[in-house]
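# What the coordinates show
Each chain is listed here by its residues.
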Amino acid sequence: MTSSSATARKTLSKIACNRLQKELVEWQVNPPAGFKHKVTDNLQRWVIEVNGAAGTLYANETYQLQVDFPEHYPMEAPQVIFLPPAPLHPHIYSNGHICLDILYDSWSPAMTVGSICISILSMLSSSTVKQRPADNDRYVKNCRNGRSPKETRWWFHDDKV
């Protein structure tokens, strides 16, 4: 894992604003099952309630995702983290950072907040154990001082969970 210098949060471009407004309307009309957008006046940061799917280890559990959109969304992936307490999962660190390729290397501008949420719920639902990643303590210690998960060089090696 390596770190690059953090950049200051910039205002959204016109393209990003238009895209997010469109996604927000679509969400209001047809929200993904198991998710609820917590309405605020901040288009650049969404808080989304995640309900664990029935029949999974996370059934009847509720978590919150924080989605921060960069200036050039959707050309650049949003930062997505779980707010405390983060679920126990082999790809979710105790600080809420999520090791999921679509949030980093495999991001595509065709993806939406809804598709991200469905991918995260699928990741949760397919887990057979509730545990932290093996390197949780080391990673979280290295992330002190507010390092973004987007500054991490992730190693995507486990597609079983």
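As the structure is a prediction and not an experimental result, all values here were calculated from the model. (Residues numbered from 1 in each chain as written. Predicted model: local features only at pLDDT ≥ 70, side-chain atom pairs only at ≥ 80, totals over all residues. Heavy atoms only, no water.)

Right, let's talk about the confidence of the model for the chain for a bit. Taken over all residues, the pLDDT of the chain has a mean of 87, while the share at 70 or more is 84%. Per-element confidence in the chain is highest for strand β3 (residues 62-68), whose mean pLDDT is 97, and lowest for helix α3 (residues 136-142), whose mean pLDDT is 85. Predicted confidence is poor over residues 1-8, with pLDDT under 50, and the contacts of this stretch with residues over four places away or in other chains come to 14 contacts. (pLDDT = per-residue confidence, 0-100. Helix = DSSP H or I, 4+ residues; strand = E, 2+ residues; numbered from the N terminus. Contact = heavy atoms within 4.5 Å.)

Here the focus is the pattern of salt bridges. Applying the stated criterion across every chain, the model contains 4 salt bridges. Across the salt bridge formed by E23 and R19, the nearest N and O atoms sit 2.7 Å from each other. Remark: R19 and E23 occur in helix α1 (residues 14-29); sequence separation between them is 4 residues, near one turn of the helix. Assigned by exposure class, E23 and R19 land together as buried. In this structure, R138 engages D135 in a salt bridge whose closest nitrogen and oxygen atoms are separated by 3.6 Å. (Salt bridge = Lys/Arg side-chain N within 4 Å of Asp/Glu carboxyl O. Buried < 20%, exposed > 50% of the residue type's maximum accessible area, 1.4 Å probe, protein only.)

Our next topic: the sheet that holds strand β1 (residues 35-38). Either a parallel or an antiparallel arrangement is found when strands of a sheet pair, and the pairing is made through backbone hydrogen bonds. With respect to topology, 4 strands assemble into an open sheet ordered β1-β2-β3-β4, the strand pairing being antiparallel. Two strands lie at the open edges of the sheet, namely β1 and β4 (79-82), each paired on one side alone. Averaged over neighbouring strand pairs, the angle between their axes works out to 25° when direction is ignored. With 4 bridges joining them, β3 and β4 adopt antiparallel strand pairing. Each residue of the ladder has a partner; that of V67, found in β4, is V80. In the packing of α1 onto the sheet, the strands contacted are β1 and β2 (45-51), and the crossing angle to β2 comes to about 30°. Along the sheet, helix α2 (residues 113-125) contacts β1, β2, β3 and β4; its crossing angle with β2, the most-contacted strand, is approximately 35°. (Pairing = 2+ DSSP bridges. Axes fitted to C-alpha atoms, helices over the stretch in contact; angles between N-to-C directions.)

Note that N136 resides in helix α3. With residues near it in sequence (within four places) discarded, N136 still touches Y93 and S94.

Looking now at the packing of aromatic side chains. All chains considered together, the criterion is met by 6 aromatic pairs. Ring centres of Y63 and F82 lie 6.1 Å apart, and the angle between their planes is 80°; on these two criteria the pair is classed as edge-to-face. Remark: F82 occurs in strand β4 and Y63 occurs in strand β3; sequence separation between them is 19 residues. Both residues of the pair, Y63 and F82, count as buried. When the ring of F69 is compared with that of Y73, the centres are 4.9 Å apart and the planes differ by 70°; the resulting orientation is edge-to-face. With a relative accessible area of 0%, Y73 lands in the buried category. Linked through ring pairs, W27, W46, F69, Y73 and W107 together constitute an aromatic cluster. (Phe/Tyr/Trp six-rings, centres within 6.5 Å; stacked < 30°, edge-to-face > 60°.)

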